[in-house]
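Working through the structure, step by step
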Amino acid sequence: MNRLRRVPLDVWFEPAVILVIGIGYFLWYRSATLTPTEQASLGWGNLRNTILSHIELTVVATLIVVVVAIPLGIALTRPAAKRFEPLVVNIANIGQAAPAVGLLVLFTFWLGTGFRTAIVGLVVYAVLPILQNTIVGLRQVDQRTIEASRGIGFSSARTLFQVELPLAVPVILNGVRTALVILVGTATLSTFIGATSLGTLITTGVTLFLPKLLVSGAILVGLLALIIDWLGRLVELAATPRGVS
């Protein structure tokens with residue numbers, strides 16, 4: 001019971017918002033009069049494939065970013081590589097500062113169109129939040145705690161994995177959650193380079209002047225972002241050691 005009382009309000013509030021928006025959209029969809037094109041795009045078979053393609057883009061890009069950014073962030077907090085931190089962070093910042101559409105289009109000249117190009121563009125775009133949070137999370141670990149672990153005979157590697165990383169987990173996972181939400185929104189742009197996503201509904205709605213299709217795409221992207229943000233919050237809470245806030 002004590003554990004439940006300490007769970008932040010947003011963990012309970014966000015599912016309620018998701019439920020309200022989801023029910024509202026479902027009721028609107030059931031009562032709306034759709035054109036044949038809208039019916040084809042929003043039919044469950046096509047819609048399911050579109051949603052799964054969007055999730056696949058997001059998850060694959062996130063896994064690659066995690067595999068790259070977290071070890072890189074750890075390396076940049078070690079004395080041997082510390083001097084390279086400003087350079088690496090500035091390079092990662094280029095991906096975040098560049099317009100997402102422009103970034104994806106530039107990669108098409110190198111890799112062509114399709115799923116692979118979209119993944120590369122999304123990875124470059126999402127590296128910064130996880131990289132920065134990994135560095136910040138490890139840097140904020142109390143130096144006295146690290147010295148105490150070394151004083152009782154822990155090696156530097158054991159100190160990293162048993163002391164520093166567990167204490168940095170909340171900040172690192174917050175970066176992963178931020179990157180996930182960014183990728184859900186940015187993945188909609190992959191439709192411009194031939195990769196299927198919920199952005200296909202939006203661009204089709206704009207091109208063919210079908211506002212119901214456009215609204216459906218926007219609502220579904222928003223719902224997906226909220227759901228992923230909530231799931232990430234749950235993982236963040238579950239992985240945070242007791243006593244660490």
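Residues numbered from 1 in each chain as written. Predicted model: local features only at pLDDT ≥ 70, side-chain atom pairs only at ≥ 80, totals over all residues. Heavy atoms only, no water.

**Description of the overall build of the protein chain**
Looking only at helices and strands, the protein chain has 11 helices and 0 strands in total. What you see in the protein chain, going N to C, is helices and strands ordered as α-α-α-α-α-α-α-α-α-α-α. Relative to its 245 residues, the protein chain shows a buried fraction of 42%. Considering only intrachain contacts with a sequence separation of at least 6, the fraction spanning at least 24 residues in the protein chain is 76%. When the accessible surface of the protein chain is split by element, carbon and sulfur atoms take 69% of a total near 13200 Å². Measuring between centres, the 17 positive side-chain charges of the protein chain sit 5 Å from its 10 negative side-chain charges. (Helix = DSSP H or I, 4+ residues; strand = E, 2+ residues; numbered from the N terminus. Buried < 20%, exposed > 50% of the residue type's maximum accessible area, 1.4 Å probe, protein only. Contact = heavy atoms within 4.5 Å. Areas by Shrake-Rupley, 256 points an atom, 1.4 Å probe, with all protein chains shown as cover. Lys, Arg positive; Asp, Glu negative; His and termini not counted. Charge placed at Lys NZ, Arg CZ, Asp CG, Glu CD.)

**Focus on the nonpolar core**
Judged by nonpolar contacts, the single largest core of 48 residues is most densely connected at L42, L57, V65, V127, I130, L131 and L201. If you list the elements that add at least two residues to this core, you get α4 (44-76), α5 (85-97), α7 (115-139), α9 (156-186) and α11 (211-239). Here the element with the most residues in this core is α7; it accounts for 11 residues. Excluding its chain neighbours within four sequence positions, the residues that come into contact with L131 are A69, L72, G73, L76, V88, V89 and A92. (Core = buried A, V, L, I, M, F, W, Y, C linked by side-chain atoms within 4.5 Å.)

**Re the environment of I228**
You can see I228 is positioned in helix α11. Note: C-alpha distance between I228 and V181 (47 residues apart in sequence) is 6.9 Å. In this view, I228 contacts T58, L180 and V184; residues no more than four positions away in its chain are not counted.

**Brief notes about the packing of α4 against α11**
The N-to-C vectors of α4 and α11 enclose an angle of 45°; their axes lie 12 Å apart at closest approach. Here α4 lies oblique to α11, going by the angle between them. In the packing of α4 onto α11, the handedness of the crossing is right-handed. For the pair formed by α4 and α11, the contact residues are L47, H54, I55 and T58 on the first element and L220, V221, L224 and I228 on the second. Considered class by class, the residues forming the contact of α4 with α11 number 6 nonpolar, 2 polar and no charged. (Axes fitted to C-alpha atoms, helices over the stretch in contact; angles between N-to-C directions. Parallel < 35°, antiparallel > 145°, perpendicular 65-115°, else oblique. Left-handed = near helix turned anticlockwise from the far one by under 90°. Nonpolar A, V, L, I, M, F, W, Y, C, P; charged D, E, K, R; others polar.)

**Digging into the pattern of salt bridges**
Enumeration according to the criterion identifies 6 salt bridges in this entry. Here R78 and E164 are joined by a salt bridge, their closest N and O atoms 3.0 Å apart. You can see R78 sitting in the loop between α4 and α5 and its partner E164 sitting in helix α9, a full 86 residues away along the chain. You can call R78 partly exposed: its relative accessible area is 24%. What emerges from the salt-bridge pattern is a single network uniting R177, D229, R233 and E236. (Salt bridge = Lys/Arg side-chain N within 4 Å of Asp/Glu carboxyl O.)

**Comments concerning the environment of G95**
As for its placement among the helices and strands, G95 is situated in helix α5. According to the relative accessible area criterion, G95 is buried, its value standing at 4%. In this structure the C-alpha to C-alpha distance between G95 and R30, which are 65 residues apart in sequence, comes to 41 Å.

**Things to note about the packing of aromatic side chains**
Counted under the stated rule, the structure contains 3 aromatic pairs. Measuring from ring centre to ring centre gives 6.0 Å for F107 and W110, while their planes differ by 40°; the resulting arrangement is tilted. Placement of both F107 and W110 in helix α6 (residues 100-111) is noted, with a separation of 3 residues, approximately one turn of the helix. According to the relative accessible area criterion, F107 is buried, its value standing at 15%. An aromatic cluster of three or more residues is present, and its members are Y25, W28 and Y29. (Phe/Tyr/Trp six-rings, centres within 6.5 Å; stacked < 30°, edge-to-face > 60°.)

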